[in-house]
Structures are given as structure tokens and as C-alpha cells.
Amino acid sequence: MALDENREFDRTRQRALTRYYVDAGSGGVAVGVHTTQFAIRDIGLYEPVLKAAAEDARAWTDRPMVMIAGVAGPTKQTVAEAKIACSHGYHAVLVSMGALRGQSPEQLIAHCRAVAEEMPIIGFYMQSAVGGIDLDANFWREFSCIDNAVAIKMAPFNRYKTLDVMKGVVAANAEDRITLYTGNDDHIVADLITPFDIPRDNKIVRLRIRGGLLGHWSVWTRKAVELLDRVHTVVESGADLPLDLAALDARVTDCNAAFFDVANNFHGCIAGCHEVLRRQNLLETINCLDPDEGLSSGQAEEIDRVYAAHPDLADDDFIADNLERWLA
């Protein structure tokens, strides 16, 4: 979310961000999620921000864009947010359950079912370092049985837990109905290129992760789109996986370590993304709603380092060519 020097909502810069994501080729945008800052709910900005993104996307392009709204909090609040998202034309809601820590798996499933009565839902396995709850394969089996569940974003930053989601989907016989997205910013390319073989009834069910729903992809987005297109082309062709494509996993993860401030347990993850967008002149400041959120010591230097080490992964030239138009 774009904030000005006074930490007020910067409508012009926010519009430019949406136009950037559209022109970069994104299949959709997710709004009201972690990188939008959960605190927008505390200051009355949840609906204005959702409304702005929906209006700006529709005004800027005629091509289909998947609009996803993040919903969070206790069940009553989450259902109310889903109704807001529906009223502004969003297609699905990403259900964050961090506020429900301590509730039983059965209570969490009941929460998801309540939200699914309002809109299609996307499950969200958030890493524990930023407030997520540990959820096993049995939970994801029950989630995948919800009729209006359409996708799952896997972001536990953990290979074992990522496999638990897939085991749950396969156990529910939902592999043809549930679309899998990576949110594992530490293994983006590996998730996209790997076929996942899961046993069921003495047979193997092969799953693929179809795309990404990633905070990392809020920056250098044009290059992220090109990467995903390349992965799809290789996978659909059945050709052998080029080693240089596989090697991108480590390079993209190296960039993510700087953007997400891994060295400081993700303290500067939102400010790090803001800093990249500020350097590209899309944002005016790196301000977050919480004055205590900002770049950690040494994080700016780490961003300098990955810019120098991986210049082909940045999209600064694309932004420079279009920025004036986006800000108009």
C-alpha cells in the first residue's frame, strides 16, 4: 500500500501500482493481504483500498484480472470483509487465520465454511514467523472438501508442511478442483518447476503448482511474469528442464532474502518491498502504517547487493518507460 510522508493513503501512487501490475502482465492482484498491511483494518482503510484496486484495474484494462481480497480476524469480521470484497467485484478471498491461534482444527474449518458461504475461498498456509498456525494434512483434507474452496496458497516456508497441503488435497480427491499456488518465497522457482507425486489407493497422483501468490512478486513483477510464462512453456512442452531455469531458484531466493529481511527474522519484509518500489519511483516513501516498521540495519545494503548480483531479474527499465503514464 502506498503511503505519503504523513503515513496517509497515497491514492495517486496506489493507482500507479495497480496499473504497473496490470501492464506487467499479472494474472490478478491480491489486496488486503500481508504486504498491503493487516493494520489497514484498524484505521478504516480496508474498504477504500479494496475499492481503489478494483476500480483502477477495471479502468485500466479489458483483459480478465483475478481480483483476490485478503480477509482476516474472527469469523464475524472475516465474513463481513468477504461481503465487502464481493460488493466490489472480487472473485475470491484469501483466508488468513492467524487471529484464530489456539482454536481447534474443527473450529478453523467451521470458520472457513462460514466464509465460503459468502464467496469462493483460497486457503492460506502462512509461515509461523509472521503469525501463521501449524496445520496438518488432515486439516487440508477437510478444507479441500469445502465446496466453495477453489485454491490454496502454500506459504509455510517448509518443505514438509508444503507436502502436507498436497497430501490433504489428494486425500480429498480435490486435485482437479483446488488450484495450488506457491507462497513459499524461499523456493519460488523450485515450487513451480517440480512435479509432486502423491500416493493414493496404490496409485500416484501428480500435482503441479500453477502460479504464485507472493509478496515477493509485488516487486520486479514484469520479470516474475516472464519467469512464470517460461515455466509454463517448458512444462506444457514436456521438454527436459533447462538447468539455467532450475538455477534461477537460488538466485530468486537470494533476492528474496534481501527484500524480506531474512537476516532479521522478516522484520523489514514490507519495508523491503517498499524500498524496491521507491527506488523505481513507483512509491514516494517506504513508510508503513506502524512507525516501528522499516528497513533493518544492513538491509538497504543487501538490496544494493542483489541489484548488482542479479540485474537481469529487475524490471527498472520497464517501469522507467511507463511511469509517467501510470502516474497521470
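Residues numbered from 1 in each chain as written. Predicted model: local features only at pLDDT ≥ 70, side-chain atom pairs only at ≥ 80, totals over all residues. Heavy atoms only, no water.

Student: Outline the overall build of the protein, listing residues and values.
Tutor: On a plain count of helices and strands, the protein comes out with 12 helices and nine strands. Here the C-alpha atoms of the protein give a radius of gyration of 19 Å, agreeing with the 20 Å that 2.2 N^0.38 yields for 328 residues. With respect to the three principal axes, the spread of C-alpha positions in the protein is 55 × 50 × 40 Å. Residues counted as buried form 52% of the 328 residues belonging to the protein. Once local pairs closer than 6 in sequence are excluded, the contacts in the protein between residues at least 24 apart make up 74%. Taking the average location of the 32 positive side-chain charges in the protein and that of its 48 negative ones, the two points are 4 Å from each other. (Helix = DSSP H or I, 4+ residues; strand = E, 2+ residues; numbered from the N terminus. Rg over C-alpha atoms; globule rule 2.2 N^0.38 Å. Buried < 20%, exposed > 50% of the residue type's maximum accessible area, 1.4 Å probe, protein only. Contact = heavy atoms within 4.5 Å. Lys, Arg positive; Asp, Glu negative; His and termini not counted. Charge placed at Lys NZ, Arg CZ, Asp CG, Glu CD.)

Student: So what's going on with the pairing of strand E4 (residues 121–126)? Residues and values would help.
Tutor: Walk down a regular strand and you will see the side chains alternate between the two sheet faces. In terms of burial, E4 is a largely internal element, six of the six residues being buried. Where burial is concerned, the two faces of E4 agree: the one with Ile121, Gly123 and Tyr125 and the one with Ile122, Phe124 and Met126 are both buried. Two elements, strand E3 (residues 92–95) and E4, share three bridges in a ladder whose sense is parallel. Along E4, the bridge assignment pairs valine 95 with glycine 123. In the classification by handedness, the crossover that spans E3, the intervening helix H4 (residues 105–116) and the parallel E4 is right-handed. Bridge analysis of E4 against strand E5 (residues 149–155) gives six bridges, and the strand direction is parallel. Among the inter-strand pairings, tyrosine 125 is bridged to a residue of E5, identified as methionine 154. Once the chain exits E4 it traverses helix H5 (residues 137–144) before rejoining the sheet at E5, and the crossover so formed is right-handed. (Pairing = 2+ DSSP bridges. Right-handed = clockwise from strand over helix to strand, strands pointing away.)

Student: Residues and numbers for the side chain of threonine 61, please.
Tutor: In this structure, threonine 61 sits in the loop between helix H2 (46–60) and strand E2 (66–71). A distance of 3.1 Å separates a polar atom in the side chain of threonine 61 from the backbone nitrogen of arginine 63. (Polar contact = N/O pair within 3.5 Å; in protein donor to acceptor, adjacent residues only side chain to side chain.)

Student: Got a sec to walk through the nonpolar core? Specific residues and values, please.
Tutor: In terms of nonpolar packing, the biggest core is built from 102 residues, with Tyr90, Val93, Ile121, Phe143, Leu180 and Phe259 touching the most fellow members. If near-sequence neighbours (up to four positions away) are discounted, leucine 180 is found in contact with Ile152, Met154, Val165, Met166, Val169, Leu207, Arg208, Ile209, Arg210 and Gly211. Counting 10 residues, the second-largest nonpolar core is a separate cluster that includes Val33, Leu94, Phe124 and Met126. (Core = buried A, V, L, I, M, F, W, Y, C linked by side-chain atoms within 4.5 Å.)

Student: Which residues make up helix H10 (residues 269–279), and what are the values?
Tutor: Of all 11 residues in H10, nine are buried; the element is thus mostly enclosed. Of all the positions in H10, only Cys269, Ile270, Ala271, Gly272, Cys273, His274, Glu275, Val276 and Leu277 are classed as buried. Buried residues in H10 make contact with helix H1 (11–24), helix H9 (243–259) and helix H11 (299–309). Looking one or two places after H10, you find asparagine 281, whose phi comes out positive at around 70°.

Student: If you had to explain the side chain of serine 26 to someone new, which residues and values would you point to?
Tutor: Within the fold, serine 26 resides in the loop between H1 and strand E1 (28–31). The class for serine 26 is buried, based on a relative accessible area of 10%. Not counting residues within four places of it along the chain, the set of residues in contact with serine 26 comprises Tyr21, Arg63, Met65, Thr221 and Val225.

Student: If you had to explain the packing of aromatic side chains to someone new, which residues and values would you point to?
Tutor: Summed over all chains, the structure comprises 11 aromatic pairs. Seen in terms of ring centroids, phenylalanine 157 and phenylalanine 266 are 5.8 Å apart; in terms of plane orientation they differ by 75°. Their pairing is edge-to-face. Pair noted here: phenylalanine 157 is in the loop between E5 and helix H6 (159–171) and phenylalanine 266 is in the loop between H9 and H10, with a separation of 109 residues, a long-range link. Given the relative accessible area of 18%, phenylalanine 157 is considered buried. Accessibility expressed as a relative area gives 13% for phenylalanine 266, which makes it buried. Aromatic ring contacts, followed pair by pair, group Tyr20, Tyr21, Phe318 and Trp326 into a single cluster. For the cation-ring pair, arginine 222 lies above phenylalanine 318, with the distance from its terminal atom to the ring centre recorded as 5.5 Å. (Phe/Tyr/Trp six-rings, centres within 6.5 Å; stacked < 30°, edge-to-face > 60°. Lys NZ or Arg CZ within 6 Å of the ring centre and 35° of its normal.)

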